[in-house]
Amino acid sequence: MAKAILSPPELWQDFDDTLPLEPVVLQETLLGESRVQHVLFSGRDTGAGRPRIFALFAGPADDEVRPAILIVPDVGARIDETYVLSLVKQGYRVLAVDYYGKRADAEHFTQYPDVIPYANYEQRGTHADVVEDTVRETSWYEWTAAIRYGKSFLSARMDVESDHVFLLGIRGGAEIGWQVVAFSEGLAGAALISGAGWESYRNCFKYSDTTPEMNDERFSWIAGVEAQSYAQYAKCPVLFLGATNDVEFCFDRARDTLARVNAEVPVYGDFTPNSTRGIDKTGCDNILSFFDAICEHRLPEKRDLPVTVEVVNGCVYLYTDDAEGDISVWYSCATVDPVLRTWHKAVYDGNTEEGKRRYLVTLTDKEGVFLAYSRFKQNGLCVSSPQTSCFLQEQSVMVDAAASRIVYAEGKTELLVPAEKENPVAGFVMGSANRVVKKGGANKINGVTCGTGLRFFIGKRLPLDQDRILMMNVFTQADLRFTVTFIYGFGREEVRYYQQKTLSRMNGWQKVCLECKSFKRENGMPFKEEIFPEAVVIEGDGEHLINNVLWI
């Protein structure tokens, strides 16, 4: 039997988010100048009772009417009270909805009627992944319904500026956010982070020949759940933030979702280069800059700063229009899986006679498709241009073979990312321990370090075989044991090969050479055949600096 494929307007046309909220304050706490409340309010009418939705409401401890932010955490995540309070300090009232459902270790939680048990995250079964009848019988429908009533709760409060209610959606919460942005009335703007649909296309990459197997169930799911189907219905300004190498959403297809937003609706995208999960400080600052600009009626006109590509005598050059302020241009060969790309910062090479900015590119391999985008500030808001892609003819471009053996050299900090394993703050903010820091070592030579270790993407450039050596310079002022790991299948079905090294304290830099044939898996088995690793991670049990990582 064919599935009922409902378009977004058909799915939500009869939804009523105006029923009485019946709010109750369960607990109230004063924290300095902030007031924090645990609240319950009612959700949609299921025909067999209404959900009682649990949320954390916080704001300055006064009765002043202020703008408000509705936070939609990631699916399965807990409310990050520390991040909520950081927004309160900026003058906002904040509602973070916990739509997870019953939690065994929680005193208060969202209570869903028995008729929709799959709304509880722990009882979701296949309802969070498959359309069994219509999208109305999925977990996502119930979670989105709960958030829409969260919007109603904020708009009804006397201490909230009803025309300045914003939405902040994080990962799975951003997927929900796209639905709310499309059909909930009165949102002033939305910041959506690392959630842009295309889940049915997971592992079927934009620059590959693979396509997912489709059927009525998948078409129904795409139409009723995924963000790319909702983008065209967005009613308010949208800021989308992501990371180029995020392991949980597709950077390439996220841009396709943004391109679907109606031209009359302001939409801005910004992407942190070479990060696998977290957004950098510039991206994080964008959130409040965006909300503040809307409140102050100074939202900048949407402007693109496209990148063009030219090959001259085998050299690749990038160009943008000239513009005020800082502009950075990023480029990468289009490794099919965006998680595995290394993004390089192009070197500014002056302006052309036509007034264009020119940038130099160093290619270390030839993979056919070449990608580039610019990142620039406009009225205090950092935005990224649409991605430029072009096909480079192998015979027409020169490749720096020596550079392809350089994993890291001094000054190229953009090639590094933290080797964090834990989730960032609030699911997207890179904490201070998760930042790459450049420091001075012996002989006034700089090195780099990170509290969680350093990761370098190497893009399958060179094989892990018996004759290769990974060489680096290390500076440590205490005895140090560090681990180097080659990763194949990064972020998915990973295979890891390890080697540990112990160094004694020295006053100068030490040259460390690691034979590839000595790398082994956790079970002690060496690799049996040539493989092309995608990333290398360097971690230590004490303070140290790394420099000049070479593959010879």
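Above: the structure in question.
Below: a short report on this structure. (Residues numbered from 1 in each chain as written. Predicted model: local features only at pLDDT ≥ 70, side-chain atom pairs only at ≥ 80, totals over all residues. Heavy atoms only, no water.)

### Some details on the overall build of the chain
Test applied: Segments assigned H or I by DSSP are reported as helices when at least four residues long, segments assigned E as strands when at least two residues long, and all are numbered from the N terminus. Think of it in three bands: with a 1.4 Å probe and only protein chains considered, a residue is buried below 20% of the maximum accessible area for its type, exposed above 50%, and partly exposed in between. Reported accessibility uses the Shrake-Rupley method at a 1.4 Å probe radius. Residues are deemed covered only where the shown protein chains occlude them.
A count of helices and strands for the chain gives eight helices and 29 strands. Evaluated residue by residue, the chain yields a buried proportion of 58% over its 552 residues. Surface accessibility of the chain: about 23900 Å² in total, with carbon and sulfur atoms responsible for 47%.

### A closer look at unusual backbone geometry
Unusually for a residue other than glycine, Trp198 sits at a positive phi of about 65°. Within the secondary structure layout, Trp198 lies in the loop between strand S7 (187-193) and helix H5 (216-224). With phi around 55°, Asn379 is a residue other than glycine that occupies positive phi space. By the secondary structure assignment, Asn379 is in the loop between strand S16 (369-378) and strand S17 (381-384). A residue is classified by how much of its surface remains accessible, and Asn379, at 56% relative accessible area, is exposed.

### So, the pairing of strand S24 (residues 469-475)
So the rule is basically this: For two strands to be treated as a pair, DSSP must find at least two bridges joining them.
Burial of S24 is extensive: six of the seven residues sit out of reach of the surface. Here six bridges tie S24 to strand S27 (residues 510-515), and the two strands are oriented antiparallel to one another. Within the sheet, the bridge partner assigned to Ile469 lies in S27 and is Glu515. Direction of pairing for S24 relative to strand S29 (residues 545-551): antiparallel, over a ladder of five bridges. Note that in S29 the partner of Phe475 across the bridge is Leu545.

### A look at the packing of aromatic side chains
Definition in use: Aromatic rings from Phe, Tyr and Trp, taking only the six-membered ring of Trp, are treated as a pair when their centres fall within 6.5 Å; an angle between ring planes under 30 degrees marks them as stacked, one over 60 as edge-to-face, and anything in between as tilted. Look at NZ for Lys and CZ for Arg. If either is within 6 Å of the ring centre and within 35 degrees of the ring normal, a charge sits over the ring.
Counted by the stated rule, this structure contains 29 aromatic pairs. Through successive ring pairs, a cluster of aromatic residues spans Phe240, Phe249, Phe251, Phe271, Trp343 and Tyr373. Above the plane of the ring of Tyr373 lies Arg255, whose end atom (NZ or CZ) is 5.0 Å from the centre.

### Focus on the pattern of salt bridges
For clarity, the cut-off: We define a salt bridge as a side-chain nitrogen of Lys or Arg found within 4 Å of a carboxyl oxygen belonging to Asp or Glu.
Taken as a whole and judged by the stated rule, the model has 25 salt bridges. Where Arg66 meets Glu64, a salt bridge forms, and the shortest distance between an N and an O atom there is 3.2 Å. For Glu64, a relative accessible area of 45% corresponds to the partly exposed category. Taking the shortest distance from any N to any O, the salt bridge between Asp159 and Arg93 comes out at 3.5 Å. With Asp159 in the loop between helix H3 (139-156) and strand S6 (160-170) and Arg93 in strand S5 (residues 93-98), this pair connects stretches of sequence that are 66 residues apart. Of the residues examined, Asp159 reaches a relative accessible area of 12% and is grouped as buried. Owing to a relative accessible area of 1%, Arg93 belongs among the buried residues under this scheme. Shared partners join several salt bridges into a network, and the residues in it are Asp62, Glu64, Arg66, Arg93, Arg157 and Asp159.

### Description of the side chain of His164
In plain terms, the rule: Polar contacts, as used here, are pairs of N or O atoms within 3.5 Å; protein pairs need one atom able to donate a hydrogen and one able to accept it. Residues neighboring in sequence count only if both atoms are side-chain atoms. Any two residues whose heavy atoms approach within 4.5 Å are treated as being in contact.
In this structure, His164 sits in strand S6. Polar side-chain contacts of His164 include one of 2.6 Å to the side chain of Glu161. The contact partners of His164, leaving out residues within four places of it in the chain, are Pro67, Ala68, Ala188, Ile294 and Cys295.

### Some thoughts on the environment of Ile176
One can find Ile176 in helix H4 (residues 172-183). Considering only alpha carbons, one finds Ile176 and Gly197, 21 residues apart in sequence, at a separation of 9.9 Å.

### Observations concerning the sheet that holds strand S10 (residues 308-312)
The condition that has to hold: Structural elements are reduced to axes, namely lines fitted to C-alpha atoms, with helices fitted over the stretch in contact, and the angle between N-to-C directions of any two is expressed from 0 to 180 degrees.
Reading across from one edge, S10-S11-S15-S14 is the order of the four strands in this open sheet, with antiparallel pairing throughout. Each edge of the open sheet carries a strand with a single partner, namely S10 and strand S14 (347-351). Averaged over all pairs of adjacent strands, the angle between strand axes in this sheet comes to 35°, irrespective of strand direction. As defined by bridge partners, strand S11 (residues 315-321) adjoins strand S15 (residues 356-360) across five bridges and the pair is classed as antiparallel. Among the inter-strand pairings, Tyr319 is bridged to a residue of S15, identified as Arg358.

### Considerations on H5
Among the nine residues that make up H5, seven are buried, leaving the element largely enclosed by the rest of the structure. Along H5, the residues that are buried comprise Glu217, Arg218, Ser220, Trp221, Ile222, Ala223 and Gly224. Packing partners of the buried residues in H5 comprise helix H1 (8-12), H3, H4 and helix H6 (227-230). For H5, the capping residue at the N-terminal end is Asn215, with a side-chain oxygen 3.1 Å from the backbone nitrogen of Glu217.

### Digging into the sheet that holds S5
The nine strands are arranged S1-S2-S3-S5-S4-S6-S7-S8-S9 in an open sheet whose pairing can be described as mixed. The open sheet has two free edges, formed respectively by strand S1 (24-31) and strand S9 (267-272), since each of these has just one partner strand. Recorded for the sheet is a direction-independent mean angle of 20° between the axes of neighbouring strands. Two strands pair when backbone bridges link them, and strand S3 (residues 52-60) and S5 are joined in this way by five bridges, in the antiparallel orientation. Counterpart to Phe57 in the pairing with S5 is Leu95. The strands touched by helix H2 (residues 81-88) are S1, strand S2 (34-42), S3, strand S4 (66-72), S5 and S6; relative to S3, the strand with the most contacts, the crossing angle is about 45°. Its contacts with the sheet put helix H8 (residues 281-295) on S4, S6, S7, strand S8 (238-243) and S9, and the angle it makes with S7 is roughly 170°.

### Thoughts on H4
In plain terms, the rule: What a helix is expected to span follows from its residue count: subtract one and scale by 1.5 Å.
Here H4 is 12 residues long and its end C-alpha atoms lie 18 Å apart, about the 16 Å a rise of 1.5 Å per residue gives. The buried fraction of H4 is high, at 12 of 12 residues. Buried residues of H4: Gly172, Gly173, Ala174, Glu175, Ile176, Gly177, Trp178, Gln179, Val180, Val181, Ala182 and Phe183, and no others.

### A word on the environment of Asp246
For Asp246, the location among the structural elements is in the loop between S8 and helix H7 (251-259). In this structure Asp246 comes out as buried when scored by relative accessible area, which is 1%. Considered as a pair, Asp246 and Ser275 are 29 residues apart in the sequence and their alpha carbons are 6.5 Å apart. Apart from the residues lying within four places of it in its own chain, the contact partners of Asp246 are Arg171, Ser194, Ser275, Thr276, Arg277 and Val339.

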